[in-house]
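As a plain string of letters, each chain reads:
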Amino acid sequence: MEQATTIPLRARVNRAAYFLRLPRVSLGLALLVLLLFLVTLPCLLLLAATLTWDVGDIRLSPAARPGAFTLFHWWRVFASDLGEAIFYRPLVRSLATSVSVGLLAVGLGAGLAWMTTRTDLPGRRLVAAMATVPYILPSYTFALAWLTLFRTERLGGGAGLLRYVTGLDPPEWLAYGFVPIVATLTLHYAPFTYLLVSGALASVDAQLEEAGEVLGASRRTILRRITFPLVLPALLSGFILTFSRAVGTFGTPYFLGAPVRYFTLSTTIYSSMVTRTFATGYILAVVLIAASALVIYANQQLIGSRRSFVTIGGKGFRSARMRLGRWRAPAALVSWALVLMAAVAPLLLLAWQTLMRYPDDYSLGNLTLHYWIGGSDPRLAEGEMGILRNDAILGGAWNSLRLSVVVAAIGGILGILVGYAVVAGRRGWLARLLEQQAFLPYLIPSIAFGALYLSIFSKSLGPLPALYGTFLILVLACVAKNLPFSARAGISAMLQVGGELEEAATVAGASWLRRFGRIVLPLSLRGSLAGFLLIFVTTMRELSLIILLITPETRTLTTMTFRYMEQGYAQFADAIILLIVAMVLAGDLLARRLGRLELGT
Amino acid sequence: MRNAIVLRLVMGMVALLGWAGAARAATAPGLDAWLRQAGFGPHQEARFDPEALYQKAKAEGRVTVYSYSSRIVEVAKTFEQRYPGIKVQAFDLDSAEIVTKVLAEQSAKNYAADVVYMKDPATALHALKNPGHLVAYVPGDLVPLLRPEYREPFLIHHLSFDVLVHNSGGEAKAPVSSLWDLTKPEWQGRVQFPDPQVLPEFTEVLTTIVQHSPEMAKEYERVFGKPLQLGPGVPDVGREWIRRILANKVTVAKSTNDVAKAVGRAEPARAPIGFTAMSRLRDKEKDPKLQFDVAYDLQPVAAVTTGVLLAVPAYAPHPAAAKLLIRWLMGDAKGGEGYKPYFVLGDAPTRSDQPLPSGMRAIERRWHADPSYVWANGRAVLDFWLANLK
């Protein structure tokens, strides 16, 4: 009897030990623990909070006993009279806008990516350089630009440009609500897909397409049967990232939706946080998590097991460009118009705005450099100095830079590791769990994520001291919140690195660390560079996530812009935005240069 | 798979324990010792002695203030000049963010803030002061100069007025004379109201109007010559007014600044009217094209006032410097350097010896938002607003 149980047990122990010695498994487990701590713990706390009376809930119900269990918040959101106003209507609108933005942005981003990497589009280098600019701008910049063009009497504040020129008010559907929200967010988020798809296309060997050509396939067939399937994982990643980002964004739907009472889940969550009905905000966040979990599931069904293709192999590599022929001129026109609209126009508008003594007065006599280099003038902006002479702003710039670089480095490497563990163990539960975990932070609205981190890390947690007020808590929050980016980029990059190279190294006796450091990491770096860049940019513009976590020593540029904006000093706010853009562009250039050196091309 | 589930459960339990621990950390045995040592509450020195405080504050070296207003930066400058050796760390946050941060610091026992300077006295009182996270401080020399409601439960720094404004480019006179005029068809889609979900002071405005339902009922009869019929399910006259302005397509603005611009920069003949902070009047100096004025003769009330408060979080690490800074912010009989940034059109000082800022017309017909009433009813009023915001 005893023997009968010990033998299988030992066998099982041996099997487990062997299993654990596999690098993908031990690495996967280590990552899982890390993600549980950074991601799942906040989610569980969030869930617990939806089931607990909070101190402020005495305002909602006389039955509230702070700290005790309750289902009240769930009832309030789903079944009370308020349900339609705070849940059902916003949900429908959120889904409608985000799905539209997802589809349009993927189409736009992928189209531009294909034209700049695979065709002889005139001026493609410049188009490529500009295509990422929209993402650098805070998303509400587009909303504000849209309002400048289409503002109607409802908002007042002087005529919009359209009314100024034509004397007619634009129709309300064009000025506010669904159409402008979708249009501005599409321009803003198309770079996601652009970066992912151009990364994927850049590593597609042209020989694959030429093989099709040799076999007599038409250009369209090659696109449809070869190129498209190769970039499909990147397209789907692009859709998911865009969808979840659009669903969670606050500024644009608020600026463009609120005047006509077009409220979405994100604006409702934001106002729940501001009015301190946290549980309501958290429940809406849980709904977002559930909706997006469905999207991930669908994605896994699509690319999980079959639909991925190894394009970086051990053989030679060549890329060639397709001739656009008679489509060259129209394609150029459209690309240039898009890029001008999305990148140049908003920047020019911003720059112009920083030079205006009084906002909204476009005459030449109104120009000044005061907001850049001026001294203290009590008649303007409460006597604050121009941003280039303002120590607080320069200190903020240093903090922003430090934070973005550190977060991009840590996040990017973490992403590659997650990508490796997920791709290497694609069919296992560990891989699936990791992938799901890594995606979770995206669904928690930034402001809620910040509030959760504040509550978790403001007291000591096991061996960890209280992190409130440290730089580390900002890094942790940003790394965790950006995991979906970095993990997607890591997975996409890893999917393209063939196993044959690593297998060869294994046969030759290389240790895992050596294989990873010498083969896997360098090969996936090109694809992951996009991921690093996205994190760098996102962190640079991060506001709602960190606003609750910063202290005077750790405050960043963005936390200063929103204040200035609120107080009506658009000049300062825009000048700081331009400063951020300049820093991001510098980072972008540097990253590209480094990437090129790394690859030796 | 089972391992993962077990792991998740364990982590979940750990998380819930942590949560529960946080909830229980509220009572602090050392509070009285801190009050005694720092000189607050029953232990506060009777006489305000700036020199003695300065000596102590210099030893503390700095003071951290969470402020709802960016103007604190100027106060910090003048304070540092007047009291060399004390560094001010001014932190510009929304009132709701201040509450969140103070609560987090209190539960973490990681005390950073020395002074909070914020709106929303209802939340400050019930979420912070009553549970013992915030103590009031009124400098001894100011007591005779402040009415009781500006000393209790907090020191009120100044009053902020929320008013109805109209375009003054054509007619100088306001086009409406009653709050009920806003429910008439000619103002459909032409009334601006700042989003009460984002700006808590406008929840105070709505709630205060509800509190004064009897006056609103009388005013309705004066305007329409017949008693008001409440809509189905509407419990009081104040809410009926809210329901009707929403049904009249009021525009929800994102800030007081936007209302001022929408009203002040529109063509006079077609300009909307809107509620905003009276202190927006000072924008007219910055932007000559803004043309708007307050509807001073509005019935039954021309303004709702709310207090901006100053207080000290429990266990503040630099109590002497906190006291000095609070006193500096309160200024002197002529305004004073510390008060100067707030000595502007639309903000009324609470010190009885200070005049109104030049050019500011006194509004006698005003309702003061009552923190206890707002706390008890504000959320329900906001929910009513939401439910009718179609």
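Here the residue index of a chain counts from 1 through its sequence in written order. All chains are assigned letters beginning at A, and all ligands numbers beginning at 1, according to the order in which they are written. Given that this is a predicted model, residues contribute local features only at a pLDDT of at least 70 and side-chain atom pairs are listed and counted only at 80 or more, while totals for whole chains, interfaces and linings are drawn from all residues.

## As for the overall build of chain A
Here's step 1: Runs of H or I in DSSP of at least four residues are treated as helices and runs of E of at least two as strands, each being numbered from the N terminus. Looking only at helices and strands, chain A has 25 helices and zero strands in total.
Here's step 2: Counting other C-beta atoms within 10 Å of a residue's C-beta gives its exposure: the residue is buried at 20 or more, exposed at 12 or fewer, and partly exposed in between, where C-beta atoms are placed from the backbone. For chain A, the residues scored as buried account for 50% of the 601 residues in total.

## Remarks on the overall build of chain B
Here's step 1: Across its full length, chain B holds 13 helices and 12 strands.
Here's step 2: Radius of gyration: C-alpha atoms only; globule rule: 2.2 Å multiplied by the number of residues to the exponent 0.38. Here the C-alpha radius of gyration of chain B, 23 Å, is about what a compact globule of 390 residues would show, namely 21 Å.
Here's step 3: A principal-axis box enclosing the C-alpha atoms of chain B has dimensions of 70 × 65 × 35 Å.
Here's step 4: When each of the 390 residues of chain B is scored for burial, the buried share is 52%.
Here's step 5: We call two residues in contact when the distance between their C-beta atoms, placed using the backbone, is within 7 Å. Put simply, of all contacts in chain B between residues at least 6 apart along the chain, 78% involve residues at least 24 apart.

## Overview of the pairing of strand E1 (residues 62-67) of chain B
Residue and element names in this part refer to chain B.
Here's step 1: Among the six residues in E1, five count as buried, and that is most of the element.
Here's step 2: Seen with its strands pointing away from the viewer, a crossover is right-handed if its path from the first strand over the helix to the second goes clockwise. Taken together, E1, helix H4 (residues 72-82) and strand E2 (residues 87-92) constitute a β-α-β crossover, and its handedness is right-handed.
Here's step 3: Note: two strands are recorded as paired if DSSP finds a minimum of 2 bridges between them. Relative to strand E3 (residues 115-118), E1 is paired through three bridges, and the arrangement is parallel. Its bridge partner lying in E3, Tyr66 is registered against Val116.

## Quick look at unusual backbone geometry
All names here are of chain B.
Here's step 1: That bond from Glu152 to Pro153 is cis: its omega, -5°, falls within 30 degrees of zero.
Here's step 2: The residue Pro153 is located in the loop between strand E4 (134-135) and strand E5 (155-167) in this model.
Here's step 3: A cis geometry characterises the amide bond from Gln299 onward to Pro300, with omega recorded as -5°.
Here's step 4: For Pro300, the position within the fold is in the loop between strand E9 (292-294) and strand E10 (303-313).

## As for helix H20 (residues 446-457) of chain A
Residues and elements named next belong to chain A.
Here's step 1: Expected span of a helix, by definition, is 1.5 Å for each gap between consecutive residues, and there is one gap fewer than residues. For H20, which comprises 12 residues, the first-to-last C-alpha distance of 16 Å matches the rise-based estimate of 16 Å (1.5 Å per residue) to within 8%.
Here's step 2: Counted residue by residue, H20 has 12 buried out of 12 residues, so it is predominantly covered.
Here's step 3: Listing the buried residues of H20 in full gives Ser446, Ile447, Ala448, Phe449, Gly450, Ala451, Leu452, Tyr453, Leu454, Ser455, Ile456 and Phe457.

## Points about the domain arrangement of chain A
All names here are of chain A.
Here's step 1: The domain architecture assigned to chain A consists of domain 1 (21-47 + 388-601) and domain 2 (68-275).
Here's step 2: The centre of domain 1, based on its C-alpha atoms, is set 22 Å off from the matching centre of domain 2.
Here's step 3: Every contact between the two is made by 23 residues of domain 1 and, on the other side, 22 residues of domain 2.
Here's step 4: Elements with a contribution of two residues or more to the side of domain 1 that touches domain 2: H20, helix H21 (471-496), helix H23 (512-541) and helix H25 (570-599).
Here's step 5: Gly counts as polar in this scheme, as do all residues outside two lists: the nonpolar Ala, Val, Leu, Ile, Met, Phe, Trp, Tyr, Cys and Pro, and the charged Asp, Glu, Lys and Arg. Tallied by class, the residues present in the side of domain 1 that touches domain 2 amount to 15 nonpolar, four polar and four charged. Residue ranges for the domains trace back to a domain assignment, done automatically or taken from a database.

## Observations concerning the environment of Glu97 of chain B
Here's step 1: One can find Glu97 of chain B in helix H5 (residues 95-108).
Here's step 2: Taking the C-alpha atoms as reference points, Glu97 of chain B and Met118 of chain B, 21 residues apart in sequence, are found 10.0 Å from one another.
Here's step 3: Among residues more than four places away in sequence, those in contact with Glu97 of chain B are Ile547 and Leu548 of chain A.

## Things to note about the domain arrangement of chain B
All names here are of chain B.
Here's step 1: Entries for chain B in the domain assignment read domain 1 (31-158 + 307-360) and domain 2 (160-306 + 375-387).
Here's step 2: For domain 1 versus domain 2, the distance between C-alpha centres works out to 31 Å.
Here's step 3: Contacts between domain 1 and domain 2 engage 15 residues on the former and 13 residues on the latter.
Here's step 4: Elements that contribute at least two residues to the side of domain 1 that touches domain 2 include exactly H5, helix H6 (121-129), E10 and strand E11 (347-349).
Here's step 5: Within the side of domain 1 that touches domain 2, the residues separate by chemical class into seven nonpolar, five polar and three charged.

## Describing the confidence of the model for chain A
Caution is warranted with low-pLDDT regions, since their predicted coordinates should not be read in detail.
Here's step 1: Per-residue pLDDT for chain A averages 79, and the proportion of residues at 70 or more is 87%.
Here's step 2: Mean pLDDT in chain A bottoms out at helix H1 (residues 2-21) of chain A, which sits at 69, and peaks at helix H3 (residues 72-78) of chain A, which reaches 92. pLDDT is defined as a per-residue confidence score from the predictor, taking values between 0 and 100.

## Details of the nonpolar core
Here's step 1: For our purposes the nonpolar core covers buried Ala, Val, Leu, Ile, Met, Phe, Trp, Tyr and Cys residues that link as a set through C-beta atoms within 7 Å. Core analysis: the biggest nonpolar cluster contains 296 residues, and Leu434, Ala448, Ala477 and Ile576 of chain A together with Val115, Ala311 and Leu325 of chain B have the highest contact counts within it.
Here's step 2: Discounting chain neighbours no more than four positions away, the residues touching Ile576 of chain A are Ile387, Ile393, Leu557, Met560 and Thr561 of chain A.

## Side note on the packing of helix H4 (residues 83-118) of chain A against helix H14 (residues 265-274) of chain A
Residues and elements named next belong to chain A.
Here's step 1: Axis definition: a line fitted to C-alpha atoms, limited for helices to the stretch in contact. Angles are taken between N-to-C directions and run from 0 to 180 degrees. One way to put it is that H4 packs onto H14 with a least axis distance of 8 Å and a crossing angle of 135°. Judged by the angle between their axes, H4 and H14 are oblique. Contacts between H4 and H14 involve Ile86, Pro90, Leu91 and Ser94 on the former and, on the latter, Leu265, Ser266 and Thr268.
Here's step 2: Classifying every residue of the contact of H4 with H14 gives four nonpolar, three polar and no charged. Angles are sorted into four bins: roughly parallel if under 35 degrees, roughly antiparallel if over 145, roughly perpendicular if 65 to 115, and oblique for all others.

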